[in-house]
Amino acid sequence: MRIARPRMAPSAYVWLLLGAGYFLVPLYSTLAFSLKKNVAGTPCCTLSNYGWVIHNGDFWHTIRLSFVLALETIVISLILFVPTIYWVHLKLPRLRPVIAFMALVPFVVPPIVMVVGLLRTFHGAPGWYYGSPYGFLATAYVILAFPYMFFSLDAGFRSIDVHTLTEASQSLGARWTTTLFRVILPNIRSAALAASFLTLAIVMGEFTIANLAAFHTFPIFLQYVNESQGFPAGALTLLSFLITWAAMLSLLLVGRKRGARGAAIAGAR
Amino acid sequence: MVTLPFFAYTIAFLFVPAASVMIGAFQDKANHATFSNIRLLFDHPYIDAYWGSIRISLVTAVAGALFGMLIAYAAIREGTPRWIRSVLTTFSGVAANFGGIPLAFAFIATLGPLGVVTTWFRNAGYDYSVRWPHFQLFSERGVELAYMYFQLPLMILVIAPALDGLKREWREAAANLGAKQWQFWRHVGIPVLMPSFLGAFILLFGNSFAAYATAYSLNQGQNIVPILIGAYYTGNVLDNPHIAQALAFGMFVVLALMMVIYIPLQRRAARWAK
Amino acid sequence: MSYLQLESLHRHFGPVKALNGIDISLGEGEFLSLLGPSGCGKTTALRLVAGFDRPNQGRVLVEGRDITGVAPNKRDMGMVFQAYSLFPNMTARQNVEFGLKIRGRDRSSRSKRVEELLELVGLAQAGDRFPHQLSGGMQQRVALARALAIEPRVLLLDEPLSALDAKVRVQLREEIRRIQLELGITTLYVTHDQEEALAISDHVAVMYGGVIEQMGTPSEMYTAPKTPFVAEFIGTMNRLEAHVVDGTAGEVEHAGKRLRIAAARGRRTGERVLILIRPEALELQAAVNGGNGGDNTLAAEVVTQTFLGPVTRLKMTGGLIADMSTARASALPVGASVVAQVPADGVQLLTLTDDLPDIGEGT
């Protein structure tokens, strides 16, 4: 009932305005560029750049590739991590700090270092793996997604009573698989979805590994357009930003429910 | 055991590659053990790249930590409407992931030779590329400016919970006991925030140190380590793969050092969060 | 001469009137509790005295001087908050020392004073512990020591015991009172717990809706509540609606039965009134077969019995509540027909207005 509302401090105004300016100007510039046709004359505004993007075969090819890669990464990650984290929470709680520590390893072995190791280790691997994005790249991306998957799923599992649910399910006669799919999974749904959206953002934006391993994903295409075309790159950049934005928004909406971790930092840098 | 696939996977795709980098760093072209690669790291241009990376990382970590904290505090403190905080957090979540290639283009569109801001200044009669030849988007300062775009949001997201933890009762109790604003900050506010602040600083440093895509797209030449590593694979600059591995090993050492400092700091911060 | 004075304080937040005209006059060394449910304005009043908020109207005076415009860090008052107010990065000792440090006292006089205070609140051993290593009760003791260290003119406490366990609460409230009496410090205490307020205060002010309903000594508040709200809020009351049938003789009629109430003398015939009787004042007897009881009685049936230790509370039909010793209550089990004797004297009568505040089940 006491709705005391003191006035906003003047310094707060200053910092917030400066922050807003810094963040919004580049976005505006991108939009401005995307609506220009060429340097001289024509002030504004044309949608021809967007048209160029939509009619570009490479665009659709690479975005499809990245998207499918993302889905593949998400599926493999979930299959790999969900049962593991479930089991750790249920039976092996002492392993949890070990896995949590492992989740910090990608901080010490960032993509640029990891790709060097991967390329060296799998140098002699068969072509269907080493030469295919769905093989080499996907397995690397699963590792990239691992910390975010872990923290999100872990928070999800911590928010439900794993023991009670499992015991209740078993006392009613269910097998392990039934318990996992019918009882546990629905309850960590929001955590799993949040982690999935984050992974989507990661894969759609990952450049380092794809670049060094020479695969043609969407970010690679983006860089190519950056280098070769001027203004169409603006349309493409804005599109890329919107994709990230959509993924993060979905994450936030899904994450509102209990058990999902808040937004994390996972994009290409 | 259920956890076997997980461990097998991480060993195969994380630990083994990481180890292979370590090992490769100490091998020569004939795969014999040697320190020569490591020794080479201390020569130009490699040592310059390390200094470049460290410089940029320090600058963006300090600037990101300071300004990020000021912005976050402005949004969270009493008196600021609640919606500003939500907007800031949401936007930070998105902006933190808007790095790499798209970010580089956005900055080129803003501060590049044909950039929106550059043109504004030029139309106003002020061509800063002449006045400030050091400031060029495709220079160290430019890269730092671009890096802030994901460093600031990272700081905001990380420090917000710590700022929330600054209980209003502390400020009032301090005032009640006679303290002025600055005395509160000096004796209570800053000491309580320090572990979180330092932890966030380390996070920002590591984040910047490992960054590759943005610098690549801003055509950084070879003054930071990730670009140098990439050059081996995308260009033909280095001819000895073990140098690239040694460079990667060097990065690993720097980052591991950061982690060693980070973990106890986190524990400290959590202790006072009660 | 009043030491602390609140003069016509008004505070509103937009359309909401948190304080609608409060007048309080506290003598030196007195202990006044502001008692009321949440939202009544008691904390708002305290914060105005502390300086964390400014009134829209009215003044706060200390020793005759107007301090309404003075900043909170210059008011020389000690405040104990409900929770979380200890600085987490300092030990108990450093917390208590803080106010003295700010005032620039030298190290030796500071540490002497700190030891004195830790001794006073019974925490001489725990001085080097950090807040997160102290229990809730100990933290509040440190908070008290910290507030008293600067020798404030007024001590302000904002529901300091609300966040603590019941047993600790009772112990600590007696400590607070003991210390307050020993130091003779003028104290303003905010609470929603009426038992607490009655147990330790010199005066109690019951607040509701931003105004003071009644102010007086604890026993005055208990035996002679002046408004229905106060009657309900303090202790439990039987509330019997009645109307006056004979103003000269002092007779009222409730639920068809005539009762003689001394306080009804001099009232208009037909006036609607509320009879207030404390549960312990209602005498119960088992109903003799067929009999309707004697003069001034009400017939009822026992609905529930609640065991409260030495006392048992019986709830009966007609909304009647009576407290009696557990031994005697065993003779009147659930379902028994009883006769309640309504005392003619010492029973409060209030004029009934249409808006009776609803406080729910009495405590």
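Residues numbered from 1 in each chain as written. Chains lettered and ligands numbered in written order. Predicted model: local features only at pLDDT ≥ 70, side-chain atom pairs only at ≥ 80, totals over all residues. Heavy atoms only, no water.

1. Concerning the overall build of chain A
- Of the regular secondary structure elements, chain A holds 14 helices and 0 strands.
- Scanning chain A from its N terminus toward the C terminus, one meets helices and strands in the order α-α-α-α-α-α-α-α-α-α-α-α-α-α.
- Per-residue burial for chain A yields a buried fraction of 53% across its 269 residues.
- Of all intrachain contacts in chain A linking residues separated by at least 6 positions in sequence, the fraction that spans at least 24 positions is 74%.
- For chain A, the exposed area adds up to about 12,300 Å²; of that, 67% sits on carbon and sulfur atoms. (Helix = DSSP H or I, 4+ residues; strand = E, 2+ residues; numbered from the N terminus. Buried < 20%, exposed > 50% of the residue type's maximum accessible area, 1.4 Å probe, protein only. Contact = heavy atoms within 4.5 Å. Areas by Shrake-Rupley, 256 points an atom, 1.4 Å probe, with all protein chains shown as cover.)

2. Quick notes on the overall build of chain C
- Scanning chain C from N- to C-terminus turns up 9 helices and 20 strands.
- Overall size of chain C, expressed as C-alpha extent along the three principal axes, is 80 × 45 × 35 Å.
- For chain C, the accessible area works out to roughly 15,900 Å², and carbon and sulfur atoms hold 48% of it.
- Across chain C, the 39 positively charged side chains and the 43 negatively charged ones have centroids separated by 6 Å. (Lys, Arg positive; Asp, Glu negative; His and termini not counted. Charge placed at Lys NZ, Arg CZ, Asp CG, Glu CD.)

3. A few points about unusual backbone geometry
- Following His-44 of chain B, the chain continues into Pro-45 of chain B via a peptide bond in cis, with omega recorded as -5°.
- Relative to the assigned elements, Pro-45 of chain B resides in the loop between helix 2 (36-41) and helix 3 (46-76).
- Of note in the backbone geometry, Ala-214 of chain A takes a positive phi value of approximately 60° without being a glycine.
- Along the chain, Ala-214 of chain A turns up in the loop between helix 12 (208-212) and helix 13 (218-228).
- Although it is not a glycine, Ala-255 of chain C adopts a positive phi angle of roughly 50°.
- Within the element layout of this structure, Ala-255 of chain C appears in the loop between strand 12 (251-254) and strand 13 (257-260).
- Residue classification places Ala-255 of chain C among the exposed positions, given a relative accessible area of 72%.

4. Here's the deal with the packing of helix 13 of chain A against helix 5 (residues 100-111) of chain B
- Two numbers describe how helix 13 of chain A lies on helix 5 of chain B: the axes approach to 9 Å, and their chain directions differ by 25°. When the interaxial angle is binned, helix 13 of chain A and helix 5 of chain B end up roughly parallel. Judged by the sense of rotation from one axis to the other, the crossing of helix 13 of chain A with helix 5 of chain B is left-handed. Along the contact surface, helix 13 of chain A presents Pro-219, Leu-222, Gln-223 and Asn-226 of chain A, while helix 5 of chain B presents Ile-101, Pro-102 and Phe-105 of chain B.
- For the contact of helix 13 of chain A with helix 5 of chain B, the residue count by class is 5 nonpolar, 2 polar and no charged. (Axes fitted to C-alpha atoms, helices over the stretch in contact; angles between N-to-C directions. Parallel < 35°, antiparallel > 145°, perpendicular 65-115°, else oblique. Left-handed = near helix turned anticlockwise from the far one by under 90°. Nonpolar A, V, L, I, M, F, W, Y, C, P; charged D, E, K, R; others polar.)

5. Brief notes about the environment of Ala-61 of chain B
- Residue placement: Ala-61 of chain B occurs in helix 3.
- Once you skip the residues sitting within four places of it in the chain, Ala-61 of chain B turns out to touch Gln-151, Phe-201, Leu-204 and Phe-205 of chain B.

6. A few points about the interface of chain A and chain B
- Facing the 82 residues of chain A at the interface are 87 residues of chain B.
- Both faces considered, chain A and chain B share a buried interface measuring about 7,200 Å² in area, 79% of it formed by carbon and sulfur atoms.
- Ranked by residue count, the leading element in the side of chain A that touches chain B is helix 1 (residues 10-34) of chain A, at 15 residues. (Buried area = accessible area lost by both parts, 1.4 Å probe.)

7. A few points about helix 9 (residues 168-176) of chain B
- Within helix 9 of chain B the residues assigned to the buried category are Trp-170, Glu-172, Ala-173, Ala-174, Ala-175 and Asn-176 of chain B.
- Elements in contact with the buried residues of helix 9 of chain B: helix 10 (181-210) of chain B together with helix 1 (42-50), strand 6 (77-80), helix 2 (92-102) and helix 4 (136-149) of chain C.
- Two residues or fewer past helix 9 of chain B, Gly-178 of chain B is found with a positive phi of approximately 105°.

8. Regarding the sheet that holds strand 1 (residues 4-13) of chain C
All names here are of chain C.
- Read from one edge of the open sheet, 4 strands run 2-1-4-5, paired in antiparallel fashion. At either margin of the open sheet sits one strand with a lone partner, and together these are strand 2 (16-26) and strand 5 (65-66).
- By the bridge criterion, 5 bridges tie strand 1 to strand 4 (residues 57-62) in an arrangement that is antiparallel. Considered in strand 4, the bridge of Glu-7 is made with Arg-59.
- Those strands touched by helix 1 are strand 1, strand 2 and strand 4, and its axis lies near 115° from that of strand 1. (Pairing = 2+ DSSP bridges.)

9. Re the sheet that holds strand 17 (residues 311-316) of chain C
All names here are of chain C.
- Taken in spatial order, the 5 strands make up an open sheet running 15-19-16-17-18, and their pairing is antiparallel. Two strands in the sheet have a free side with no partner beyond their single neighbour: strand 15 (283-286) and strand 18 (321-325). Taken pair by pair, the neighbouring strands of this sheet meet at an average axis angle of 45°, ignoring direction.
- Of the pairings in the sheet, the one linking strand 17 to strand 18 comprises 5 bridges and is antiparallel in character. Residue pairing across strands places Arg-313 opposite Asp-323, the latter belonging to strand 18.

10. Thoughts on a nonpolar patch on the surface
- A cluster of nonpolar side chains, contributed by Tyr-13, Val-14, Leu-17 and Leu-18 of chain A, occupies part of the molecular surface with about 420 Å² of accessible area.
- Mapped onto the fold, Val-14 of chain A is located in helix 1. (Patch = residues over 30% accessible without salt bridge, like charges linked within 9 Å, V, L, I, M, F, W, Y side chains within 5 Å. Salt bridge = Lys/Arg side-chain N within 4 Å of Asp/Glu carboxyl O.)

11. Some remarks on the packing of aromatic side chains
- Counted according to the given criterion, the structure contains 42 aromatic pairs over all chains.
- Residues Phe-23 of chain A and Tyr-149 of chain B carry aromatic rings whose centres are separated by 5.2 Å and whose planes lie at 75° to one another, so their mutual orientation is edge-to-face. One end of the pair, Phe-23 of chain A, is in helix 1; the other, Tyr-149 of chain B, is in helix 8 (residues 140-164), on a second chain. Each member of the pair, Phe-23 of chain A together with Tyr-149 of chain B, is buried.
- For the pair Phe-122 of chain A and Phe-13 of chain B, a centre-to-centre distance of 5.4 Å together with 20° between the ring planes defines the contact as stacked. On the criterion of chain membership, the pair formed by Phe-122 of chain A in the loop between helix 6 (111-121) and helix 7 (127-130) and Phe-13 of chain B in helix 1 (residues 4-25) is interchain, its members lying in two chains.
- Overall, the relative accessible area of 13% leaves Phe-13 of chain B in the buried class.
- Here the aromatic cluster, defined as three or more aromatic residues joined through ring pairs, consists of Phe-122, Trp-128, Tyr-129, Tyr-130, Phe-136 and Phe-215 of chain A together with Tyr-9 and Phe-13 of chain B.
- Positioned above the aromatic ring of Phe-87 of chain C is the side chain of Arg-146 of chain C, whose terminal nitrogen or guanidinium carbon lies 4.7 Å from the ring centre. (Phe/Tyr/Trp six-rings, centres within 6.5 Å; stacked < 30°, edge-to-face > 60°. Lys NZ or Arg CZ within 6 Å of the ring centre and 35° of its normal.)

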